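Listed here are the chains, written in short residue letters.
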Amino acid sequence: MKPLKLIFISNTGNTRNFAENLVNYAQEQNQKNPDYPLLSIEEISEQTDFGNETEPYFVSVPTYLFGGDGTGDNVKEVMTNILGEYLDYHDNAKQCLGIIGSGNKNFNVQYCLTAKRYSKRFNVPFLADFELRGNDKDVQRIYKDMVERTKEVNQ
């Protein structure tokens, strides 16, 4: 299987840390069994030059919101908008296999709301979630989800 790709944005380092843990876990799995794919990561920021995605990839996005007290129109995404713009650029969203959301469960209905909105906006499955930096079980579960989704799409 070709290496998996994960595009992400990280403002506090939590999502970056999780992505790096995914890379390490994928490498461990690949060393045990070459049928398990490696993982490459790419961080999107305000300094990123937009390009055209020509291969399938996954997205990981944290949730930062402002305003409102729930999920209505008055809730605005902050600090992660550039990733949405990247997905919207040319046909980039068409290559996206799934959205992985993160956030803080203390925010109840707003937990992973950005990822859920991206899923709906770009018509891409909401694949998985993790809280804050995630843990080892989250890494294992989400890597497995990514591998299974890739196989599903390739059939």
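Calculation rules
Residues numbered from 1 in each chain as written. Predicted model: local features only at pLDDT ≥ 70, side-chain atom pairs only at ≥ 80, totals over all residues. Heavy atoms only, no water. Salt bridge = Lys/Arg side-chain N within 4 Å of Asp/Glu carboxyl O. Helix = DSSP H or I, 4+ residues; strand = E, 2+ residues; numbered from the N terminus. Phe/Tyr/Trp six-rings, centres within 6.5 Å; stacked < 30°, edge-to-face > 60°. Buried < 20%, exposed > 50% of the residue type's maximum accessible area, 1.4 Å probe, protein only. pLDDT = per-residue confidence, 0-100.

On to the pattern of salt bridges, then. Opposite charge on two side chains lets them pair, provided their charged atoms get close. Throughout the structure, instances matching the rule amount to 9 salt bridges. Notably, a salt bridge pairs K5 with E53, separated by 2.8 Å at the nearest N-O pair. Of this pair, K5 sits in strand 1 (residues 4–8) while E53 sits in the loop between strand 2 (39–43) and strand 3 (57–62), placing them 48 residues apart in sequence. Here the residues in one salt-bridge network are K5, E42 and E53, joined through shared partners.

What the rule picks out here adds up to 5 aromatic pairs. With centroids separated by 5.4 Å and ring planes inclined at 70°, the aromatic side chains of F50 and Y89 adopt a geometry described as edge-to-face. Taken together, the residues F50 in the loop between strand 2 and strand 3 and Y89 in the loop between helix 2 (81–88) and strand 6 (96–103) connect sequence positions 39 residues apart. The class for F50 is partly exposed, based on a relative accessible area of 26%. For Y89, a relative accessible area of 27% gives the class partly exposed. Through a chain of ring-to-ring contacts, three or more aromatic side chains come together here, namely F50, Y86 and Y89.

This brings us to the confidence of the model for the chain. With 90% of its residues at a pLDDT of at least 70, the chain reaches an overall mean of 91. Looking at the elements of the chain, mean pLDDT is at its lowest for strand 4 (residues 65–66), recorded as 54, and at its highest for strand 1, recorded as 98.

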